[in-house]
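Spelled out, the chains give:
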Amino acid sequence: YSAFTVIEGSSTPYKIVASYRNNTISPFNFPTVIRDAAKAYNNAYVLIETNDLGGQVSNILHTDLEYENVLMTKVLGRKGQVLSQGFGGVGKNEMGIRTTAQTKKIGCAILKRLIEENKILLNDDRIIAELMSFVSKSNTYKADDGQTDDLVMSLVFFAWLTRQEYFADLIEQAKFNYEESIKPEDDNVLFVPESKNDDDNGEFIHGGAIWYPV
């Protein structure tokens, strides 16, 4: 499947607020679905797995669709793959996360702990069904034979993300952007209606329009 989850990550317990899973969509159309969902959820930050066709999806989303909030990673020696702020310095930035034995091991361990400590709310039947067949095999975790784990893997990436040094800064920036988007143009301006209806129902005229109290 091509799959993603939308997670409210500003505080714990984290909440899964939406999920998407489709095994017929093409890699060319999938980035548009991701962009539309991300925009609907406050221009959410997006972390994309770049293995296989994921690199193409990430490139289309960021370059062709010009969606800015695509997270980057880079490899830093013994630290391995880390979340990047996208600036220069040591290591080459990559638009997304590459699944390696290390990132998967860390993500699975953290996800297990989040679930056991009730720090993530799995209010999604499909995710719960995938977790029931997400088993240990050859020193890793994967879907049992004949099953899928695409939604669960998106949670593994999120779990990995929560332990990154840049994650806290990311959340604060997201909160700031959201607050600014709903902030009035000038908090100090006192709104005074131009005139009021005589029907005594609270209606008034302002800016050439009739306003009704709610």
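Since the structure is predicted, the reported quantities are computational estimates derived from the model, not experimental observations.

1. Details of the packing of helix H3 (residues 101–116) against helix H5 (residues 150–162)
Two elements in contact, H3 and H5, have axes separated by 7 Å at closest approach and are oriented at 90 degrees. The orientation of H3 relative to H5 falls into the category roughly perpendicular. Residue-level contacts link Thr 103, Lys 104, Ile 106, Gly 107, Cys 108, Ile 110, Leu 111 and Leu 114 of H3 to Val 152, Met 153, Leu 155, Val 156, Ala 159, Trp 160 and Thr 162 of H5. Grouping the constituent residues of the contact of H3 with H5 by class yields eleven nonpolar, three polar and one charged.

2. Description of the confidence of the model for the chain
With 78% of its residues at a pLDDT of 70 or more, the chain shows a mean pLDDT of 82. Long-range and interchain partners of residues 186–198, a stretch whose pLDDT sits below 50, account for 17 contacts in this model, where long-range means more than four residues apart.

3. Overview of the sheet that holds strand E1 (residues 2–8)
Strand order in the open sheet made by the three strands is E1-E2-E5, with mixed pairing throughout. Looking at strand neighbours, the two that pair on one side only are E1 and strand E5 (120–121), the edges of this open sheet. Sheet analysis places E1 next to strand E2 (residues 14–22), joined by seven bridges and oriented antiparallel. Considered in E2, the bridge of Glu 8 is made with Lys 15. Against the sheet, helix H4 (residues 125–132) engages E1 and E2, with an angle of about 85 degrees to E2. Strands E1, E2 and E5 of the sheet are contacted by H5, whose axis makes an angle of about 45 degrees with E1.

4. Points about the packing of helix H1 (residues 30–40) against helix H2 (residues 54–64)
H2 packs onto H1 with a crossing angle of 55 degrees between their chain directions and a minimal axis gap of 9 Å. When the axis of H1 is compared with that of H2, the two are oblique. In the packing of H1 onto H2, the handedness of the crossing is right-handed. For the pair formed by H1 and H2, the contact residues are Phe 30, Pro 31, Ile 34 and Arg 35 on the first element and Val 57, Ile 60 and Leu 61 on the second. Split by residue class, the contact of H1 with H2 holds six nonpolar, no polar and one charged.

5. Some details on unusual backbone geometry
The omega angle of the peptide bond from Thr 12 to Pro 13 is 0 degrees, so this bond is cis rather than trans. Along the chain, Pro 13 falls in the loop between E1 and E2. Phi angles above zero are rare outside glycine, and Glu 66 is one such case at about 55 degrees. Mapping Glu 66 onto the fold places it in the loop between H2 and strand E3 (72–75). Judged by relative accessible area, which is 63%, Glu 66 ranks as exposed. With phi around 55 degrees, Asn 118 is a residue other than glycine that occupies positive phi space. Tracing the sequence through the fold places Asn 118 in the loop between H3 and E5.

The rules behind these values
Residues numbered from 1 in each chain as written. Predicted model: local features only at pLDDT ≥ 70, side-chain atom pairs only at ≥ 80, totals over all residues. Heavy atoms only, no water. Axes fitted to C-alpha atoms, helices over the stretch in contact; angles between N-to-C directions. Helix = DSSP H or I, 4+ residues; strand = E, 2+ residues; numbered from the N terminus. Parallel < 35°, antiparallel > 145°, perpendicular 65-115°, else oblique. Contact = heavy atoms within 4.5 Å. Nonpolar A, V, L, I, M, F, W, Y, C, P; charged D, E, K, R; others polar. pLDDT = per-residue confidence, 0-100. Pairing = 2+ DSSP bridges. Left-handed = near helix turned anticlockwise from the far one by under 90°. Buried < 20%, exposed > 50% of the residue type's maximum accessible area, 1.4 Å probe, protein only.

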